[in-house]
Amino acid sequence: MQKARNKIPDTAEALLDSTAVLLPAKPHLLMEIDNLMRTPDFEVGDLAESISRDPGVLSALFKLCRSPAYSRGRAPSNAEQMLMLVGLSQTVNLVRGISIRQVASGAGPQMTHFWARCDEIAAIASQIASERVAVCNVFPDQAYLAAMFHDCGVPLLCTRFPEYWKRLNLDDDSAWVDLALENTSYRLDHATVGYWVARNWGLPELIVQAIQHHHAMPDDDTFGLRSTIGIVALATHIYLRNKGLGDPSWAIRGPEILSELGIHAAALDEYIDEINERHVSVAM
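Residues numbered from 1 in each chain as written. Predicted model: local features only at pLDDT ≥ 70, side-chain atom pairs only at ≥ 80, totals over all residues. Heavy atoms only, no water.

## Brief notes about the nonpolar core
Generally speaking, a soluble globular protein has its nonpolar side chains buried in company with each other.
Next up, step 1: Ile51, Ile100, Ile128, Phe149, Tyr164 and Leu234 are the most contacted members of the largest nonpolar core, which totals 91 residues.
Next up, step 2: When residues in this core are grouped by element, the largest group, 11 residues, is from helix H8 (residues 109–136). (Core = buried A, V, L, I, M, F, W, Y, C linked by side-chain atoms within 4.5 Å. Buried < 20%, exposed > 50% of the residue type's maximum accessible area, 1.4 Å probe, protein only. Helix = DSSP H or I, 4+ residues; strand = E, 2+ residues; numbered from the N terminus.)

## Some words on the packing of aromatic side chains
Next up, step 1: Counting across every chain of the model gives five aromatic pairs.
Next up, step 2: Centroid distance Phe149 to Trp201: 5.5 Å. Interplanar angle 80 degrees. Geometry classified as edge-to-face. With a gap of 52 residues between them, Phe149 in helix H9 (residues 140–149) and Trp201 in the loop between helix H13 (190–200) and helix H14 (205–213) connect regions that are remote in the sequence. In this pair, the class of Phe149 matches that of Trp201, namely buried.
Next up, step 3: Aromatic pair Tyr195 and Trp196: ring centres 5.2 Å apart, planes at 90 degrees, arrangement edge-to-face. (Phe/Tyr/Trp six-rings, centres within 6.5 Å; stacked < 30°, edge-to-face > 60°.)

## Quick notes on unusual backbone geometry
Next up, step 1: A positive phi is found at Asn137, a non-glycine position, where the angle reads about 55 degrees.
Next up, step 2: Position of Asn137 among the secondary structure elements: in the loop between H8 and H9.
Next up, step 3: At Phe223, a position not held by glycine, the phi torsion is positive, near 70 degrees.
Next up, step 4: Structurally, Phe223 is set in the loop between H14 and helix H15 (225–242).

Read these as geometric descriptors, not functional statements.
So this is what it looks like as structure tokens:
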């Protein structure tokens, strides 16, 4: 299992100075939301108005809120209803997850496919978290956010190093990004880059740590870290299986992940069918 990694730069500035990797600035909408929520007389309507001014975010939120993980059998008709249904902090986490795709999308079919893959895995992770919340105490918005951000360093490294995608063999959807090869070739890896994006954006500590450690289950389980990483890994496994693709890492990680999530290996096929049924209802 790939645990060796270069020391994380002490600051985002150190990362830029040593590698010239540019981290995306925190989007204006997220800064506006943060400012609103720090206001003593904050009102839900103010937040709804801010979100409504970004049609891309609003459209993606409505799609997510049709999911059983968030809808609770109801369909909101506007942003304020959505905030009341899903919850303030949960909605903000969803906005954060949507926003990373907007600012780190890059150009070309590779990035279009990359973010479509992230969207799919994040949606599946939401369904797993919803079903496992009593066991894992990880909520759908947290799982969604972790899944959207866990590989966000990849497009940033592609921008900095044009040969990165080909060198890491990322045209193969089942390829697990090789941390050792990244560190040998570029003196850092995508998990480190993602860690600093999350830090700069002020994401919850659970998400920051899940990004940093998502290639190996850490011993520390502060904040439900192990379960969060496990949910994203299982969502990735389900995504690959649904596409008829192999998952080379599952043979190594699968037993530990299933144990962490409280799922018996013998029941995995049935469990995946259940999650897929939940997931299909989102697109209907």
